[in-house]
Amino acid sequence: MISLDSVRFTYEDAETPALDGISFTAAAGSFVCIAGSESSGRSTLFRLLNGTAPASFPGTVSGSIRIGDFDPSEQGHHATGTLVTSVFDDPDSQIISLTVEEEVSFALVQRGYPFEEIGERVSTALSRVGLAGFERRSTGSLSGGQKQRLIMASAIALRPKILLADEGTSALDPAGARLYFQIIEEMRVHDGTLAVVIDRDLGLILEHADLVIILDHGKMLLSGTPKEVCQYPDLLASAGLRLPAWLELSALLKRRGVLRGPIPSNEAEAHAVLSALVPEQVSA
Amino acid sequence: MAPLLKFFAMLGFIGATYLTGNLLLILAIIAIEGLLAFSCGVFRAFRITTAALLIGAFTLCLFQIFLIPDGKIVVYLIPFTHIGAITDVGIESCLLLSLRMMASVGSIPLMLSLTSQTQVVSLISGNFRLPGAYSIMLVTSLRFIPTFGDRMRMVLQAEASRGYNTESGNPIKKIGMILRLSLPLLISCARDVDTLALSIETRGFDPASKIHPRCIKPVFGDYILLLLCLILQASVVFVDKFIFS
Amino acid sequence: MIEVAGISTSLKKNRILNDISFKVQSGEFIALVGPNGAGKTTLLKHFNGLLKPDTGTVTVCGRDTRKAKTSELARLVGFLFQNPDQQILCQTVHDEIAFGLKYCGIPHAEWEDRIKQSASLVGLGEKLDADPILLTRSRRQRVALASVLATEPAILVLDEPTSAQDESETIRIMEVAEAYVARGNTVFLVSHDMDLVARYARRILLLVNGRIEADCSPADFFARRELLSRANLVEPGIFALATALGYPSTSIAESLTIDALADFICASDKKESL
């Protein structure tokens with residue numbers, strides 16, 4: 001459903017491309033996670049996928065970007081918005097309404113949904129993020145975590161085919177970050193949404209993603225399933241990401257020759273695999 | 001109540017204010033508005049806007065009052081001199097001006113506070129068929145202007161924490177400080193607004209669009225309410241024309 | 001250095017802090033942790049007088065904060081706020097750092113050295129002429145940090161200093177904080193990142209519903225599961241890993257590292273391999 005082929009993007013006044021040689025495909029209902037350091041081009045990829053670049057961020061695009069038959073770089077973000085729902089990183093600069101109810105219904109009103117249907121969608125969306133009963137609350141009185149959930153509720157209400165989320169967890173505490181990924185997972189299951197999530201938390205990414213793309217200085221450093229990507233922990237670290245403790249230990253044991261099999265790709269698997277390596281008399 | 005009818009009710013208040021010249025009746029209109037605010041649970045906001053309008057009106061009068069020469073001179077600004085004559089007609093005109101301003105201008109924020117955002121969009125873009133940009137401008141200012149106070153407070157705290165004395169009593173210094181510290185405030189708002197614009201455009205807002213959101217249709221009860229409002233406003237004018245004159 | 005004695009504070013009629021007492025010496029690296037809404041930022045604001053307690057006293061370097069102005073306490077307490085944009089005023093990074101030096105009364109002769117040093121500490125040595133507004137969020141956060149570091153306050157309060165930072169910059173900032181403590185100063189860190197807290201902090205204060213529920217070393221803190229779950233905190237990955245591997249809990253100390261765990265696994269001759 002999303003397919004990129006040799007995509008290259010250079011901002012108008014820049015000398016070097018912000019993205020170069022980006023290619024991947026993702027089917028409906030899959031969970032794609034993109035990670036990389038600040039200068040990796042992850043924001044540029046976000047902008048290309050939702051059509052804000054080059055429309056609002058001028059530059060030259062080459063290669064092919066397709067969402068279905070649709071090219072967001074040509075159509076612009078307003079038209080792309082009918083297919084792709086975007087969640088930006090800072091909740092405060094996305095909330096336009098005074099009350100929770102109005103915020104969630106904003107996009108539905110703009111798109112001309114019947115008012116009767118809007119009410120039902122709003123309450124369903126709010127319950128799915130744990131904000132049921134918050135309809136009349138003022139948006140200004142919400143905490144940071146609640147605001148982020150409000151943004152997610154606004155996205156859920158649209159039942160989008162594609163959700164694009166940029167660094168949504170940076171201001172959240174660990175529990176909030178887990179909830180954020182869980183909400184996206186539910187959208188996948190419930191509504192068949194294709195999720196493209198840009199984040200830095202490698203632990204959560206490896207737990208949820210079907211496809212992991214690691215960017216480094218505008219190029220694709222790694223791309224594959226969590227299992228595939230975990231076999232290259234040094235590359236992950238070189239991309240500026242923090243390896244979860246279980247991955248770091250697995251990598252070290254692999255280097256020392258103690259771990260002979262593949263490096264595990266999530267925490268539970270790692271605990272099982274690594275405990276099996278512990279000599280019996282030591283762990284007794 | 002459907003937003004279009006609320007709009008007419010608001011016009012009714014403004015009209016009634018200008019159709020009567022009686023100070024007591026205009027005070028009555030303000031009282032009616034207050035009662036409406038109270039019964040709808042927005043009295044606190046009403047009180048704040050009324051107080052702000054009172055201060056604004058008073059400031060206007062300070063200049064206006066010396067420009068009205070008609071009537072009997074009541075007092076001079078500077079006693080025992082002939083500077084700054086204040087006449088009885090002057091006092092009455094200024095009171096009328098102030099109360100009219102409070103009643104008429106005050107009805108606008110009152111109606112806005114009783115109107116949800118969706119209704120505002122429905123009114124401006126649906127009923128009035130104005131470009132979506134107008135309704136968004138109104139909606140965004142309602143959402144962001146109340147946050148300026150909080151944001152300014154945070155800026156003051158941040159700068160005080162760096163040693164900048166934000167508690168200086170000197171008014172000139174204070175003004176200079178506010179101006180200087182408005183910069184971080186404005187910049188953070190400008191940044192937010194940039195992202196906000198992209199966000200709402202990806203959510204379907206198109207300032208150039210000719211497609212209008214559906215209007216909220218008034219129901220029978222709305223018309224009854226509007227009628228009651230208009231009767232109340234008309235009776236004020238009636239009392240003025242036929243009883244007081 | 002800081003003495004908090006029985007303070008209680010309410011904001012907008014809500015009791016945020018409840019009878020809090022603790023003492024802080026110089027050379028301490030303290031992490032203040034707790035769930036959102038526990039009152040962490042509220043507590044921090046008492047150190048430089050932005051908030052005054054309703055009851056009790058806060059004494060900083062011998063000065064009662066109720067009687068001192070925030071701008072005076074700024075020389076003693078450097079505060080890095082969560083949002084750098086509420087602070088940035090000047091048109092160049094150089095001037096932004098100089099602003100803090102000016103208002104804390106640092107002699108002009110020392111400015112240039114201090115500015116260059118603090119900028120390079122945070123990795124912005126080449127960006128002194130840049131306009132802070134145009135920098136990325138992570139750099140803006142570091143500009144704000146450089147500005148606070150330049151005045152060398154005895155107490156450094158860092159409220160989520162690494163939230164916008166990539167891993168390499170996060171490590172850099174924490175190393176700067178560690179070096180700061182090594183010079184005899186005190187650092188107060190608020191962070192959600194338990195991995196960082198476990199690795200760098202030497203003392204943890206847990207704030208839940210406005211009360212101090214724990215005041216101990218990281219090793220003791222993370223061993224107490226019921227505390228963590230009550231505060232809705234997750235233990236650092238390395239501790240969870242150590243537990244899963246059966247690493248002796250008596251050996252879990254501040255020095256728990258990945259290498260130590262690897263050595264533990266490689267400990268005996270009898271190695272199981274898959």
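Below, the structure is looked at part by part. (Residues numbered from 1 in each chain as written. Chains lettered and ligands numbered in written order. Predicted model: local features only at pLDDT ≥ 70, side-chain atom pairs only at ≥ 80, totals over all residues. Heavy atoms only, no water.)

**As for the overall build of chain C**
When you go through chain C residue by residue, the secondary structure sums to 11 helices and 10 strands. For chain C, the C-alpha radius of gyration of 20 Å lies close to 19 Å, the compact-globule estimate for 274 residues. Seen through its C-alpha atoms, chain C measures out along the principal axes to roughly 65 × 45 × 30 Å. Residues counted as buried form 58% of the 274 residues belonging to chain C. If you take every contact in chain C between residues at least 6 apart in sequence, the share linking residues at least 24 apart comes to 62%. Here chain C has roughly 11,000 Å² of accessible surface; of this, 46% comes from carbon and sulfur atoms. Charged side chains in chain C number 31 positive and 35 negative. The centres of these two groups are separated by 7 Å. (Helix = DSSP H or I, 4+ residues; strand = E, 2+ residues; numbered from the N terminus. Rg over C-alpha atoms; globule rule 2.2 N^0.38 Å. Buried < 20%, exposed > 50% of the residue type's maximum accessible area, 1.4 Å probe, protein only. Contact = heavy atoms within 4.5 Å. Areas by Shrake-Rupley, 256 points an atom, 1.4 Å probe, with all protein chains shown as cover. Lys, Arg positive; Asp, Glu negative; His and termini not counted. Charge placed at Lys NZ, Arg CZ, Asp CG, Glu CD.)

**What to know about the overall build of chain B**
For chain B, the count of helices and strands is eight helices and two strands. The order of helices and strands in chain B, counted from the N terminus, is α-α-α-β-β-α-α-α-α-α. For chain B, whose C-alpha radius of gyration is 23 Å, the value lies well above the compact-globule estimate of 18 Å for 245 residues. Structurally, chain B occupies a C-alpha span of about 65 × 60 × 30 Å along its principal axes. Going through the 245 residues of chain B one by one, you find that 41% of them count as buried.

**Looking at the side chain of Glu160(C)**
All names here are of chain C. Within the fold, Glu-160 resides in the loop between strand S7 (155-159) and helix H6 (167-182). Within the buried core, Glu-160 has no salt-bridge partner, and the shortest N-O distance to an opposite charge, that of Lys-40, equals 6.1 Å. Residue contacts for Glu-160: discarding those within four places in its chain leaves Gln-82, Gln-141, Val-190, Ser-191 and His-192. (Salt bridge = Lys/Arg side-chain N within 4 Å of Asp/Glu carboxyl O.)

**Quick look at the packing of helix H1 (residues 3-19) of chain B against helix H4 (residues 88-113) of chain B**
Residue and element names in this part refer to chain B. Where H1 meets H4, the closest approach of the two axes is 8 Å, and the angle between their N-to-C directions is 175°. As judged from the angle between their axes, H1 and H4 are roughly antiparallel. Contacts between H1 and H4 pair Lys-6, Ala-9, Met-10, Phe-13, Ile-14, Thr-17 and Tyr-18 from the former with Arg-100, Ala-103, Ser-104, Ser-107, Ile-108 and Met-111 from the latter. Broken down by class, the residue content of the contact of H1 with H4 amounts to eight nonpolar, three polar and two charged. (Axes fitted to C-alpha atoms, helices over the stretch in contact; angles between N-to-C directions. Parallel < 35°, antiparallel > 145°, perpendicular 65-115°, else oblique. Nonpolar A, V, L, I, M, F, W, Y, C, P; charged D, E, K, R; others polar.)

**Observations concerning the nonpolar core**
Counting residues in hydrophobic clusters, the biggest one holds 142 residues, and the most contacted among them are Leu249(A), Leu253(A) and Phe221(C). For Leu253(A), the contacting residues outside a window of four places in its chain are Val258(A), Leu259(A), Leu274(A), Leu277(A), Ala262(C), Ile265(C) and Cys266(C). Judged by nonpolar contacts, the second largest core, of 30 residues, contains Ile20(C), Ala38(C), Leu73(C) and Leu76(C). (Core = buried A, V, L, I, M, F, W, Y, C linked by side-chain atoms within 4.5 Å.)

**Side note on helix H10 (residues 237-244) of chain C**
Turning to H10(C), its buried residues number three or more, namely Ile238(C), Phe239(C), Ala240(C), Leu241(C) and Ala242(C). If you follow the buried residues of H10(C), they end up packed against helix H11 (245-255) and helix H12 (267-277) of chain A together with helix H7 (194-200), helix H8 (218-223) and helix H11 (258-265) of chain C. Residue Gly246(C) follows H10(C) closely and has a positive phi angle near 75°.

**So, the sheet that holds strand S1 (residues 2-11) of chain C**
All names here are of chain C. The antiparallel open sheet is built from four strands, whose spatial order is S2-S1-S4-S5. Edge positions in the open sheet fall to strand S2 (14-24) and strand S5 (63-64), since each of these has one partner strand only. Sheet topology places S1 next to strand S4 (residues 55-60); five bridges connect them, and they run antiparallel. Counted as the bridge partner of Val-4 is Val-58 from S4. (Pairing = 2+ DSSP bridges.)

**Topic: the interface of chain B and chain C**
At the junction of the two partners, chain B supplies 19 residues and chain C supplies 23 residues. Among the residues of chain B in contact with chain C, Ser161(B), Arg162(B) and Arg191(B) are the three that bury the most area, contributing 34% of the side total. Our count for the chain B to chain C interface comes out at two salt bridges. Where chain B packs against chain C, one counts seven residue pairs in polar contact (both at pLDDT 80 or more). Looking at the side of chain B that touches chain C, the elements that each hand over two or more residues are helix H6 (132-160) and helix H7 (171-202) of chain B. Grouping the constituent residues of the side of chain B that touches chain C by class yields nine nonpolar, five polar and five charged. (Buried area = accessible area lost by both parts, 1.4 Å probe. Polar contact = N/O pair within 3.5 Å; in protein donor to acceptor, adjacent residues only side chain to side chain.)

It is worth stressing that arrangement in space is one thing and function is another; only the former is reported here.
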